[in-house]
Each structure stands twice: as structure tokens, then as C-alpha cells.
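Structural features, examined
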Amino acid sequence: MIKLVLFDIDGTLVRTGGAGVSAFARAGETAFGVRDGTHGMNFAGRTDTSLVREFFGRHAIAPTMENFQRFFDTYVFLLDHYLGEHHGRVCAGVRDWLAGLARLPAPPLIGLQTGNVRLGAEIKLRHFGLWDAFTTGVFGDDHEDRNQLATVARERGGRLVGTPLRAGEILVIGDTPFDIACGRAIGAKVLAVATGGATLEELKRHRPDWAVRDLTALRAGEICD
Ligand SMILES: [Mg+2]
């Protein structure tokens, strides 16, 4: 039985319509004076921390704690602003899935597993009225290496459940091959959704347990009961 469900955010729960990438690019310009500094960077499936480190490396900015802090302080402020300007949306089936999980006879813990820094994740999900659905999570400021995030999530979830979680009791839901690898890193079951950056065919090649066009294709109870 599934006791912990971990959702990725971008492309899985919501599409921000480019607000995240815009805020990131603008933060580099506002805080460090680098115009178009994110040009050529690949954002999919990365932790925010690793993206900022790449940005610093490309522009010879010292990767000090102080500079990371300065970047993220600026980023979250801009993110809030851009979410209001871009036309984002909640991905198909997400609200029903969350409601379906909560209605199960033994509801699992519902958590986040994302490369977003915690405050960035909260700002995005509050914007769409989803933040309160989650009771636990791991974020891009918990660990820079995305695959390590799953280990942290498993430990955190186990503490909340009150007993260590076995691999088969965790379900990871995400939209990229990175999410599939991340779930596999702890032996979790993986549901891949083609609502983000990868096509259904591409996701299937990475052998998740389930791959669907979007979350309307199957109900929470079909996997988690
Ligand atoms: Mg994603």
C-alpha cells in the first residue's frame, strides 16, 4: 500500500506560463546586473540551487552563501510578481487526484518533491490554491542533487508516518525522465505524466510504472488503494 505520495511541481501540478523562468532571468539582472544571463540554460528537472550555481559559473560570480541568498531573495519577490502577469494553470486532473487521495480509506501522506526552493514552491502553489494540500516535502534548498532529494523525502515521510517507509510504499509523480530517475533512486513506484516537458513516448522509454497523458487518465484509488 502507498503511504507517501510525492508530487513534482512544474509540469506536474502546475504550468506557470514561464513565470518561473522569467523570474529567474530577471533576478540575475536585478541582483547581479547580468542581462540575459540564463540564455542557453536548461531548466527542466533541475534544482534551483544547481541552476543558480550554473548561472554564477557562467558569469564569474562567486558561489558564496551570501550570493545564493541574494539571488533567491530577489527571485521569490519577482516570482510572486510574474505569476500574476503570466497565464499559468493547474494541470488537468490534479485537483481531482488530490481530493481522491484525501478520500481514500487510509489516505497516504501527500508531499512535494521538487527542485524549487521551498519559498518558491510555496509562492507558486499558493497562487493556484494548492499549497494547503501538502503536509510534507523536499525542496531544492534541501539538497542540490535532485536524486538525493528522494532519500530526504523518504526519511522525512517516515518520521511523519512514525515508521520507516519501505520503497514500495512510496509513489513519485513527475513529468520528466529526471523525476523517474529520482523515484527509482529510492526504489519508489513512479507515475509519469506528459503534462510538462516530455512526451508520453519519451516518458515510456524510461520505464515508469505508469505513464499517462495527464492525471484524468486514472484515479488515485487505482494506484494507491
Ligand atoms: Mg517538472
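Reading guide: rules and limits
- Residues numbered from 1 in each chain as written.
- Predicted model: local features only at pLDDT ≥ 70, side-chain atom pairs only at ≥ 80, totals over all residues.
- Helix = DSSP H or I, 4+ residues; strand = E, 2+ residues; numbered from the N terminus.
- Rg over C-alpha atoms; globule rule 2.2 N^0.38 Å.
- Contact = placed C-beta atoms within 7 Å.
- Axes fitted to C-alpha atoms, helices over the stretch in contact; angles between N-to-C directions.
- Parallel < 35°, antiparallel > 145°, perpendicular 65-115°, else oblique.
- Left-handed = near helix turned anticlockwise from the far one by under 90°.
- Nonpolar A, V, L, I, M, F, W, Y, C, P; charged D, E, K, R; others polar.
- Pairing = 2+ DSSP bridges.
- Buried ≥ 20, exposed ≤ 12 C-beta atoms within 10 Å, placed from the backbone.
- Arc of directions from axis to C-beta.
- Right-handed = clockwise from strand over helix to strand, strands pointing away.
- Domains from an automatic or database assignment.

**Focus on the overall build of the chain**
- When you go through the chain residue by residue, the secondary structure sums to nine helices and eight strands.
- The globule rule puts the C-alpha radius of gyration for 225 residues at 17 Å, and the 17 Å found for the chain is close to it.
- Oriented by its inertia axes, the alpha-carbon framework of the chain measures out at about 55 × 35 × 35 Å.
- Summarising the internal contacts of the chain: among those between residues at least 6 apart in sequence, 65% fall at separations of at least 24.

**Points about the packing of helix α3 (residues 65-85) against helix α5 (residues 118-127)**
- At a minimum axis distance of 10 Å, the contact between α3 and α5 shows a crossing angle of 15 degrees. One way to sum up the angle between α3 and α5 is to call them roughly parallel. The two elements α3 and α5 cross, and the hand of that crossing is right-handed. Across the interface between the two elements, Y75, V76, L79, D80 and L83 of α3 pack against L119, G120, I123, K124 and H127 of α5.
- The residue makeup of the contact of α3 with α5, split by class, is six nonpolar, two polar and two charged.

**What about the sheet that holds strand β5 (residues 136-138)?**
- What the six strands build is an open sheet, ordered β5-β4-β1-β6-β7-β8; its pairing is parallel. Only two strands of the sheet have a single neighbouring strand rather than two, namely β5 and β8 (210-212). Shown here is a sheet whose adjacent strand axes are inclined to one another by a mean of 20 degrees, direction ignored.
- One ladder, built from four bridges, connects strand β1 (residues 4-7) with strand β6 (residues 170-174); its direction is parallel. The residue bridging L4 from the neighbouring strand is I170, located in β6.
- The strands touched by helix α6 (residues 146-161) are β1, β4 (109-113), β5 and β6; relative to β4, the strand with the most contacts, the crossing angle is about 155 degrees.

**Looking at helix α2 (residues 48-58)**
- Of all the residues in α2, the buried ones are D48, T49, L51, V52, F55 and F56. Angularly, the buried residues of α2 cover 160 degrees about the axis, an arc narrow enough to put them on a single face.

**Side note on the pairing of strand β7 (residues 189-193)**
- Here β7 lies mainly inside the structure; five of its five residues are buried.
- Here β7 shows two buried faces, one formed by K189, L191 and V193 and the other by V190 and A192.
- When β6 meets β7, the two strands line up parallel, connected through four bridges. Paired with G174 across the bridge in β7 is A192.
- For the crossover from β6 across helix α7 (residues 177-184) to β7, the handedness is right-handed.

**Examining the domain arrangement of the chain**
- Along its sequence, the chain is carved into domain 1 (4-16 + 89-224) and domain 2 (19-85).
- Of note, the centres of domain 1 and domain 2, computed from C-alpha atoms alone, are 24 Å apart.
- Listed per partner, the contact involves 18 residues of domain 1 and 15 residues of domain 2.
- Of all the secondary-structure elements, those providing two or more residues to the side of domain 1 that touches domain 2 are α5 and α7.

**Concerning helix α4 (residues 94-103)**
- Within α4, the full set of buried residues consists of V94, W97, L98, G100 and L101. The arc that holds the buried residues of α4, viewed along the axis, is 160 degrees, so those residues lie on one side. Along α4, exposed side chains directed more than 90 degrees from the buried face belong to A99, A102 and R103.
- Turning to α4, the residues buried within the fold contact β1, β3 (89-90), β4 and α9 (220-224).

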